[in-house]
Amino acid sequence: MRASLLQIAVNEDETVEARRLRVAALVREQAGADLVVLPELWTTGAFAFEAFDAAAEPLRGPTYEAMAKAASDAGVWLHAGSVPERDPDGRLYNTSLVFSPAGDLAASYRKIHRFGFDKGEAVLMGAGREPVTVRLPDTATLGVATCYDLRFPELFRALVDAGAEILVVPAGWPERRRAHWTLLAQARAVENQAFVLACGTAGTHAGVPQAGHSIVVDPWGEVLAEAGPDEEILTVEFDPAKVARTREQFPALKDRVLGLEPPRG
């Protein structure tokens, strides 16, 4: 399987419309890849809280249309990162979009864990409720999570229980906590015996330098590829069958006790 992580620079001197066109062109250049992944909130920037309301789109808005067309043109599975979605009731969500090579919407995921500690995203956006997986025919099942979700291992357990073999995490992770980004990506891979594809943003937006350093980790926690701090396309080839082999050779998941059944009492 060949995956390309597009570590997009989100800078304030580029309009949302210009960035959308540029990213669509970058997606088209990935023809031949099996999976392309974009970062979280790359249209606005994950820390540009004051821009969320004005930039919010309906699910099938301009970013949806541009990314569906780009996925179809390139013939790739596209995790198009996330956008600020405005629900018909007016509520905002941090919503990820996954497209098939035909340009059809395969899944959408509303971020469950909102960042901000009673400010920012945590109060401006609603919370998703359901873990989401996507089956890539004859390849593997993707488990979908977003940025701050990476700190909550119970979500990833739920994704694995639903069949996930590749955990895809778009993010807008800040540079000041980059060490956590790498550590948590490796931890989620090791404890779930799954591949982790974590795609972040580069640049600086809303005064917050971004970590970059998108990373691909295998089921043993080995880093297969890692980007630098600037805009970059990180491409890696790996064998999804390694997940089954790892789980068979070292069957730790079979020894789980807690969380498998409701407590008695």
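The protein appears in an unreviewed UniProt entry as Carbon-nitrogen family hydrolase from Streptomyces hyderabadensis. In the Sequence similarities (unreviewed entry) part of its UniProt record, the protein is described as follows: "Belongs to the carbon-nitrogen hydrolase superfamily. NIT1/NIT2 family."

Chemist: So what's going on with unusual backbone geometry? Which residues, and what values?
Modeler: Not every positive phi belongs to a glycine, and alanine 206 is a case in point at roughly 50 degrees. You can see alanine 206 is positioned in the loop between β10 (204-205) and β11 (208-209).

Chemist: Describe the pairing of strand β9 (residues 195-199), with residues and values.
Modeler: The buried fraction of β9 amounts to 5 of the 5 residues, a majority that puts the element mostly inside the structure. The side-chain alternation of β9 yields two buried faces, one formed by Phe195, Leu197 and Cys199 and the other by Val196 and Ala198. The parallel pair strand β8 (residues 166-170) and β9 is bridged by helix α6 (residues 178-192), and the resulting crossover is right-handed. In this structure, β9 lies alongside strand β12 (residues 215-217), joined through 3 bridges in antiparallel fashion. Bridging across to β12, alanine 198 finds its partner in isoleucine 215.

Chemist: Any details on the UniProt feature "domain: CN hydrolase" (unreviewed entry) in the protein? Residues and values, ideally.
Modeler: Feature annotation in UniProt places "domain: CN hydrolase" (unreviewed entry) on residues 1-240, given in this structure's numbering. Spanning residues 1-240, this segment combines 24% helix with 29% strand, and its end C-alpha atoms are found 7 Å apart.

Chemist: How would you explain helix α3 (residues 62-74) if you had to name every residue and give the values?
Modeler: Over its 13 residues, α3 runs 18 Å from end to end, which matches the ideal 18 Å to within 8%, given 1.5 Å per residue. Turning to α3, its buried residues number three or more, namely Thr63, Tyr64, Met67, Ala68, Ala70, Ala71 and Ala74. On an axial view of α3, the arc spanned by its buried residues comes to 165 degrees, and they lie on one face. Count one or two residues on from α3 and you reach glycine 75, which has phi positive near 70 degrees.

Calculation notes
- Numbering of residues begins from 1 in every chain and follows the order in which that chain's sequence is written.
- In keeping with the model being predicted, local features are shown solely for residues with a pLDDT of at least 70 and side-chain atom pairs are shown and tallied solely at 80 or more, while totals for entire chains, interfaces and linings include all residues.
- The side-chain figures draw on all heavy atoms in the structure; neither hydrogens nor water molecules are used.
- UniProt positions are given in the numbering used here, feature names are shortened, and annotations may be inferred rather than shown by experiment.
- Strands here are runs of E lasting at least two residues and helices are runs of H or I lasting at least four, both read from the DSSP assignment and numbered beginning at the N terminus.
- For each residue, the accessible area found with a 1.4 Å probe, counting protein chains only, is set against the maximum for its type, and the residue is called buried under 20%, exposed over 50%, and partly exposed in between.
- By the criterion used throughout, a crossover qualifies as right-handed when its path from the first strand across the helix to the second strand runs clockwise, the strands pointing away from the viewer.
- One bridge is not enough; two strands pair if DSSP finds at least two bridges between them.
- For a helix, the expected span equals 1.5 Å multiplied by the number of residues minus one.
- What the arc covers is the set of directions going from the helix axis to the C-beta atoms.

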